[in-house]
Structures are given as C-alpha cells and as structure tokens.
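Chain by chain, the residues run as shown.
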Amino acid sequence: MRLFSALFLAGALAAASPAFAQTTVEVIPLSYRSSEQVIPVIQPLLGRDSSVSGFQNQLVIRATPAELAQVRRVLASIDKAPRRLLITVRQDADLERDRREAELSGSIGNDNARVTIPGSGSRSGGNVVLRDGDDRLRARIIDSRQISRDSSAQTIQVLEGSSAFIRIGESRPVRSRQVVRTVVNGQIVDRVVEGTEYRDANTGFSVLPRLQGDIVTLDINPQRDTFDDQRRGTVNVQRVTTTVSGRLGEWIDLGGVGDSRSDERSVLLGRSSGRIEERRGVQVRVEELP
C-alpha cells in the first residue's frame, strides 16, 4: 500500500511539473568574461525552477534543455575577447579680462580763481597733456585686454566593461592659525597656535565604458582642481558626474560652465569699467585600439 502511494505521488508531481522533472545541471566554462559580468545577462533567460551561479570563471546552471540551448547561444555572442579602448578626457578653461579707464585732471584758472581736478594717482595708460602758462589739462585713457587659456588632457587604456581610474595632483603647504582657549589657575587664557597643513589639487577621472557596436556608453566622473595664485591657500574645484553615450572616435561634450562679471565706477570727470568672462568645458573621446 505504501509503495503504491509513493509511486502515485511521484507520478502526480511529474505530471504537474514537467519542466521541473526535465531540468539538468551543467557547468559551462567562460573564456573571457567573468561570472559576475555574465550572470545578470543569463538570469532573465531562466524559468522559475532554474538557477545559475558562478564558480571560478564557470557557470553552474540548472535548467531545461531548451533553456540551456538559449544560454549557449547568448554566451557565444557575449563571451568574446573584450575590446581595448583608449579614453581621452580634455578639460579647458578660458579667462578673458577687459579694462577701460578714462580720466581728465589738471588745473585751470587765473590769479583770482583756479580750479584743480586731481588725478587718481596712476600714470599708466595713454596720456595727453595740454598746457598754456599755468593752465594744464591731462587726459588719461587705458584700454587693456588679457586672455589666458589653460587646457588639460589625460588618456588611459581600458578594456570594455572594466572600470579605470587616473589622477595626478600637487600638494602645497598652507600656513594656518587657530586660537586655543585654556584655563590656567582659574583664568581663561587664549593662545594663538600656528601650524602648517597641506592642501591638494588633483586632476583626473574614473570611467566605466560599455560597448554596443560602435556606440559607447560611459559612466564617467572627471575632476580638475587648481590653486588660485591670487588668493593664497584657495583651490578652484571643477567636478562632473554623468552617464553619456556617443560614437567611437568622436568628441562627446560632458558639460560646461560660463561666468561673466562686470563692474563700473565713476569719478570726477572720469569713468572706469571692467569685465571678466570665464568659460570651462569638459569633453571625452573613446577610440578602439587594435
């Protein structure tokens, strides 16, 4: 009686779950890809009663024959030698300064009355002087322009589907001062302590490229820090974090920043104006190596 019941139960389970009864376990070695890279692609191909795991660049799959055949077809297309890539990141900074000044100064009058217009004290720029006896007028005009361009480019080789990181930088000592408050014999005493700390300015990027034909998709994070020589101890920071795609061999814009500042001042019979424009841009290019 018990034997009949056991056979009846096994037959009922086989009839109710034919897919489960047909699953087999197979170990498939990988040639170029790691199991961590392949499993997310294989998992959606398997049914509820099937499974896949990785062990030392091998896939351990429990699946039906039809599912195993589909897995082998997919592996044949993705388990290939990864393509070698050369990634170049270019970070540019353009600064343009304009300064214009015009001023009239001098002294005009006679023995009874005289008007004197003092100058600003600067002797730079173009000067025109008119004089007649004790009368003298000076016109000063300054028109200057300063343009500076700073460009940084870094390259790194990486295999598709693998992450890469490159960074160079500079560390400078910066003087620091802090007030330390202590209690001495019941009295609060402030003491100034001077020291030296180091600040870093780094330039580089981290990247993860993925290829589909001639289209590359990048998870990229470039940064560029520079010391500000006009403000001692200050570091200018530029960071970008984004995901972009484009064709191999073409420059891809990651982002840019534009800043414009202007000022105007008026003095007696004079005027000065200035303008500062700053433009920053980041681009990346991915090339395939033979």
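What counts, and at which threshold
- Residues numbered from 1 in each chain as written.
- Predicted model: local features only at pLDDT ≥ 70, side-chain atom pairs only at ≥ 80, totals over all residues.
- Heavy atoms only, no water.
- Helix = DSSP H or I, 4+ residues; strand = E, 2+ residues; numbered from the N terminus.
- Buried < 20%, exposed > 50% of the residue type's maximum accessible area, 1.4 Å probe, protein only.
- Contact = heavy atoms within 4.5 Å.
- Areas by Shrake-Rupley, 256 points an atom, 1.4 Å probe, with all protein chains shown as cover.
- Expected span 1.5 Å × (residues − 1).
- Pairing = 2+ DSSP bridges.
- Axes fitted to C-alpha atoms, helices over the stretch in contact; angles between N-to-C directions.
- Salt bridge = Lys/Arg side-chain N within 4 Å of Asp/Glu carboxyl O.

Engineer: Would you mind going over the overall build of the protein chain with me for this structure?
Structural biologist: Check the secondary structure of the protein chain and you find 4 helices and 14 strands. Each of the 290 residues in the protein chain was classed as buried or not, and the buried ones make up 26%. The contacts of the protein chain with a sequence gap of at least 6 include a subset with a gap of at least 24, amounting to 64%. A total accessible area of about 19600 Å² is found for the protein chain, and carbon and sulfur atoms account for 51% of it.

Engineer: When you look at helix 4 (residues 65–78) in this model, what are you seeing that I'm missing?
Structural biologist: Owing to its 3.6 residues per turn, the α-helix brings residues three or four apart onto one side. Over its 14 residues, helix 4 extends 20 Å from the first C-alpha to the last, a length consistent with the 20 Å expected when each residue adds 1.5 Å. Buried residues in helix 4 make contact with strand 1 (24–29), helix 3 (35–42) and strand 3 (58–63).

Engineer: Before we go on, may I ask you to explain the environment of Asp200 in this structure?
Structural biologist: With respect to the secondary-structure elements, Asp200 resides in strand 9 (residues 187–212). Its relative accessible area of 46% is what places Asp200 among the partly exposed residues. Each C-alpha atom, one on Asp200 and one on Gly169, is 6.8 Å from the other, the two residues being 31 residues apart in sequence. Not counting chain neighbours up to four residues away, the residues in contact with Asp200 comprise Glu170, Ser171, Phe227 and Val235.

Engineer: How should the sheet that holds strand 2 (residues 51–54) be read in this particular structure?
Structural biologist: Backbone hydrogen bonds hold the strands of a sheet together, and the pairing may be parallel or antiparallel. The strand order across the open sheet formed by 3 strands is 1-3-2, and the pairing between neighbours is antiparallel. The open sheet has two free edges, formed respectively by strand 1 and strand 2, since each of these has just one partner strand. Averaged over all pairs of adjacent strands, the angle between their axes in this sheet comes to 20 degrees, without regard to strand direction. In the sheet, strand 1 pairs with strand 3 via 6 bridges, with the strands oriented antiparallel. Counted as the bridge partner of Ile28 is Leu59 from strand 3.

Engineer: Sorry, what's going on with unusual backbone geometry here?
Structural biologist: When glycine is set aside, most residues are seen to have a negative phi, and most peptide bonds are trans. Positive phi values are uncommon outside glycine, yet Asn57 reaches one of about 60 degrees. Residue class for Asn57 comes out partly exposed when judged on its relative accessible area of 45%. Unlike most non-glycine residues, Asn185 shows phi in positive territory, near 55 degrees. Mapped onto the elements, Asn185 comes out in the loop between strand 8 (164–184) and strand 9.

Engineer: Looking at this model, I keep getting lost on the pattern of salt bridges. Mind explaining?
Structural biologist: Two side chains that carry opposite charge are able to pair once their charged atoms sit near each other. Here the structure, examined in full by the defined rule, presents 10 salt bridges. One salt bridge in this structure joins Glu170 and Arg172, with 3.1 Å as the shortest N-O distance. A residue is classified by how much of its surface remains accessible, and Glu170, at 40% relative accessible area, is partly exposed. Measuring nitrogen to oxygen at the nearest pair gives 3.2 Å for the salt bridge that ties Arg239 to Asp225. Placement of the pair is Arg239 in strand 11 (residues 234–239) and Asp225 in strand 10 (residues 215–228), with a sequence separation of 14 residues. Overall, the relative accessible area of 7% leaves Asp225 in the buried class.

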